[in-house]
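# Secondary and tertiary structure notes
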Amino acid sequence: MSHTLGIRQAQKQKTRQALLDAALGLLEEQSLSSLGLREVTRAVGVAPTAFYRHFRSTADLGVALVEEALGSLHPMIRQTVAPTDSAQRITRAVELIAHHVDSHPAHVRFIARERHGGVQPVREAIREQLARFSEEVKAELAKDPESAGWSDEDLLMLAHLYVDQMLITASLFLEALEATAEERERVAQLAELQLRLISVGRRHWLG
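Everything quoted here is computed from the prediction, not taken from an experiment. Counting starts from 1 at the beginning of each chain's written sequence and moves along it residue by residue. The model is predicted, so local features are restricted to residues of pLDDT at least 70 and side-chain atom pairs to those at 80 or more, both for listing and for counting; the totals for chains, interfaces and linings are taken over all residues. In computing side-chain properties, one takes all heavy atoms of the structure into account and sets aside hydrogens as well as water.

### Observations concerning the overall build of the protein chain
A run of DSSP states H or I qualifies as a helix once it reaches four residues; a run of E qualifies as a strand once it reaches two. Both are numbered from the N-terminal end. Within the protein chain one finds ten helices and zero strands. When its C-alpha atoms are laid out on the principal axes, the protein chain stretches across 65 × 40 × 35 Å. Exposure categories follow from relative accessible area, calculated using a 1.4 Å probe and restricted to protein chains: below 20% of the type maximum is buried, above 50% is exposed, and the middle band is partly exposed. Counting only residues that meet the buried cut, the protein chain has 41% of its 207 residues in that class. Two residues form a contact once any of their heavy atoms are found within 4.5 Å. In the protein chain, the share of contacts with a sequence separation of at least 24, taken over all contacts with a separation of at least 6, comes to 68%.

Listed below in structure tokens is the structure:
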């Protein structure tokens, strides 16, 4: 009996993932607010009623996509800011972001589009994930000697700046996916300069 339940559970998870993958593919060309569940189930080859075994609505599916797109990035985000005064670390951070965009362009495009899109639960889910990133970045920044004398409010403001800049960098690399190596290098150089500018401002904030 347990073996049968295990097979059923695995099949259920496989169908759920297929629905997520199909939706992500369809969202390459449209926003979530215009996506119909019948489009998604047709792409997977299941009946529309099967959708509701996994998600309450397309908004619920969108929230699951947010978790899939951002939920695994917390360790990477923390790595990009400690130590912030290291030019080598900034270069590595930009490389990590570029690699992630190259590996998961559909996820990055989905977040970029839906962050200010028309589906409120998805906007809120993205906002919550970004808030978590900022809190985690703040915790890393607080470990640095340069953070001596900084208030929690100022550290959180700085963390927000870093997270926002990472999103901007990801968007720039997304736009340059089909660009030449020279153009991509220019994007990387610009991203490094922008992160270094934040670091320079940080060193002089309390001065």
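### Comments concerning a nonpolar patch on the surface
Within the patch definition used here, like charges are joined within 9 Å and nonpolar side chains (Val, Leu, Ile, Met, Phe, Trp, Tyr) within 5 Å, considering only residues with over 30% relative accessible area and no salt bridge. For accessible areas, the Shrake-Rupley method is used with a probe of radius 1.4 Å. Any residue's cover is judged against the shown protein chains and nothing else. For salt bridges, the criterion is a side-chain nitrogen of Lys or Arg within 4 Å of an Asp or Glu carboxyl oxygen. Residues Met157, Trp205 and Leu206 make up a contiguous nonpolar surface patch of roughly 310 Å² in combined accessible area. Mapped onto the elements, Trp205 comes out in the segment after helix H10 (181–204).

### Description of the side chain of Gln165
Mapping Gln165 onto the fold places it in helix H9 (residues 152–175). By relative accessible area, which is 10% here, Gln165 ends up buried. Leave out the neighbours within four places in its chain, and Gln165 touches Gln194, Leu195 and Ile198.

### Overview of helix H8 (residues 120–141)
Helix span, as expected, comes to 1.5 Å for every residue beyond the first. With 22 residues, H8 should cover 32 Å at 1.5 Å per step; its first-to-last C-alpha distance of 31 Å lies within 8% of that length. Elements that come into contact with the buried residues of H8 comprise helix H4 (58–70), helix H5 (74–79), helix H7 (105–114), H9 and H10.

### A word on the environment of Ser171
With respect to the secondary-structure elements, Ser171 resides in helix H9. Take Ser171: its relative accessible area is 28%, and that puts it in the partly exposed class. Sequence-wise, Ser171 and Ile97 are 74 residues apart; in three dimensions their C-alpha atoms are separated by 9.9 Å.

### Notes on the pattern of salt bridges
Evaluation of the coordinates by the stated rule reveals ten salt bridges. For the salt bridge of Lys143 with Glu140, the shortest nitrogen-to-oxygen distance reads 3.1 Å. The salt bridge partner of Arg196 is Glu192, with a shortest N-O separation of 3.1 Å. One end of the pair is Arg196 and the other is Glu192, both in helix H10 and four residues apart, which spans about a single turn. Taking the relative accessible area as the measure of exposure, Arg196 reaches 32% and is therefore partly exposed. Residue classification places Glu192 among the buried positions, given a relative accessible area of 15%. Here the residues in one salt-bridge network are Asp144, Glu146 and Arg202, joined through shared partners.

### Comments concerning the packing of H7 against H8
Put simply, H7 and H8 touch, their axes get as near as 10 Å, and they point 110 degrees apart. Judged on the interaxial angle alone, H8 and H7 are roughly perpendicular. Seen along the crossing, H7 lies across H8 with a hand that is left-handed. Facing Phe110, Ile111 and Glu114 of H7, the residues of H8 in contact are Val122, Arg123 and Ile126. Tallied by class, the residues present in the contact of H7 with H8 amount to four nonpolar, no polar and two charged. All axes here are fitted lines through C-alpha atoms, helices being fitted over the stretch that makes contact, and every angle between N-to-C directions spans 0 to 180 degrees. Orientation categories follow fixed angle ranges, with anything under 35 degrees roughly parallel, anything over 145 roughly antiparallel, 65 to 115 roughly perpendicular, and all other angles oblique. Crossing handedness: left-handed means the near helix sits turned counterclockwise from the far one by under a right angle, and right-handed means the same turn made clockwise. Put simply, Ala, Val, Leu, Ile, Met, Phe, Trp, Tyr, Cys and Pro go in the nonpolar bin, Asp, Glu, Lys and Arg in the charged bin, and everything else, Gly too, in the polar bin.

### Let's talk about helix H2 (residues 37–44)
Residues Leu37, Val40 and Thr41 constitute the buried set of H2. Each buried residue of H2 sits inside an arc of 90 degrees when the element is viewed along its axis, so together they form one side. Seen from the open side of H2, the exposed residues pointing more than 90 degrees away from its buried face are Arg38, Arg42 and Ala43. Gly45 lies just past H2 and shows a positive phi near 90 degrees. Within this analysis, the arc is defined by the directions that extend from the helix axis to the C-beta atoms.

### Description of the layout of surface pockets
Method remark: on a 1 Å grid restricted to protein atoms, a set of points is classed as a cavity if a 1.4 Å probe fits but cannot get out and as a pocket if it is open with protein on both sides within 12 Å along at least five of seven lines; lining residues have an atom within 4 Å of a point. Grid points are joined across faces, edges and corners, and a volume is the space filled by probe spheres set on the points. In this structure, the largest pocket spans a volume of roughly 330 Å³. What lines the largest pocket is a set of 22 residues, and nearest its centre among them are Leu70, Val108, Met166, Leu167 and Ala170. Where the lining of the largest pocket is concerned, the elements lending two or more residues are H4, H5, helix H6 (87–103), H7, H8 and H9. With seven residues, H9 is the single largest residue contributor to the lining of the largest pocket. Across the lining of the largest pocket, the residue classes tally to 17 nonpolar, three polar and two charged.

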